[in-house]
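# Fold and geometry: a report
Residues per chain are reported as follows:
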Amino acid sequence: MGELETVDLTEKQKKARRGRSIAIGLALVGLVVVFYVATLVKFGPAILNRAF
């Protein structure tokens, strides 16, 4: 097999990548919160009155 070529990122590129990763993570957390709140609003208090 051939040798793998690696790319050495500069500090500026590493910082930019980290910033994007944090932004994507926050967006995902925000989406989860939106879906959770939407579910609670849709079902209302009835979601707590489940029969076991």
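Residues numbered from 1 in each chain as written. Predicted model: local features only at pLDDT ≥ 70, side-chain atom pairs only at ≥ 80, totals over all residues. Heavy atoms only, no water.

## A few points about the overall build of the protein
Counting secondary structure elements, the protein contains one helix and zero strands. For 52 residues, the compact-globule formula gives about 10 Å, and the C-alpha radius of gyration of the protein, at 21 Å, lies well above that figure. Considering only C-alpha atoms, the protein reaches an extent of 60 × 30 × 15 Å along its principal axes. When each of the 52 residues of the protein is scored for burial, the buried share is 2%. Looking at the protein as shown, the accessible area adds up to about 5,500 Å², and 66% of this sits on carbon and sulfur atoms. Across the protein, the mean location of the 8 positive side-chain charges is 23 Å away from that of the 4 negative side-chain charges. (Helix = DSSP H or I, 4+ residues; strand = E, 2+ residues; numbered from the N terminus. Rg over C-alpha atoms; globule rule 2.2 N^0.38 Å. Buried < 20%, exposed > 50% of the residue type's maximum accessible area, 1.4 Å probe, protein only. Areas by Shrake-Rupley, 256 points an atom, 1.4 Å probe, with all protein chains shown as cover. Lys, Arg positive; Asp, Glu negative; His and termini not counted. Charge placed at Lys NZ, Arg CZ, Asp CG, Glu CD.)

## A word on a nonpolar patch on the surface
Taken together, the side chains of Val-29, Val-33, Tyr-36, Val-37, Leu-40, Val-41, Phe-43, Ile-47 and Leu-48 make up a nonpolar region of the molecular surface, amounting to roughly 890 Å² of accessible area. Within the element layout of this structure, Val-37 appears in helix α1 (residues 11-43). Judged by its relative accessible area of 43%, Val-37 is partly exposed. (Patch = residues over 30% accessible without salt bridge, like charges linked within 9 Å, V, L, I, M, F, W, Y side chains within 5 Å. Salt bridge = Lys/Arg side-chain N within 4 Å of Asp/Glu carboxyl O.)

## Re the pattern of salt bridges
Tallying each qualifying case throughout the model produces one salt bridge. Taking the shortest distance from any N to any O, the salt bridge between Lys-14 and Glu-11 comes out at 3.8 Å. Within this pair, Lys-14 and its partner Glu-11 are both found in helix α1, separated by three residues, close to a single helical turn. What makes Lys-14 partly exposed here is its relative accessible area of 43%.

## Section: the UniProt feature "transmembrane region" (unreviewed entry) in the protein
In the numbering used here, UniProt assigns the "transmembrane region" (unreviewed entry) feature to residues 21-41. Between the C-alpha atoms that bound residues 21-41 the distance is 30 Å, and the span itself is 100% helix and 0% strand. (UniProt positions renumbered as here; feature names shortened; annotations may be inferred.)

## Let's talk about the environment of Thr-6
By the secondary structure assignment, Thr-6 is in the segment before α1. Separated by 30 residues in sequence, Thr-6 and Tyr-36 have C-alpha atoms that sit 41 Å apart.

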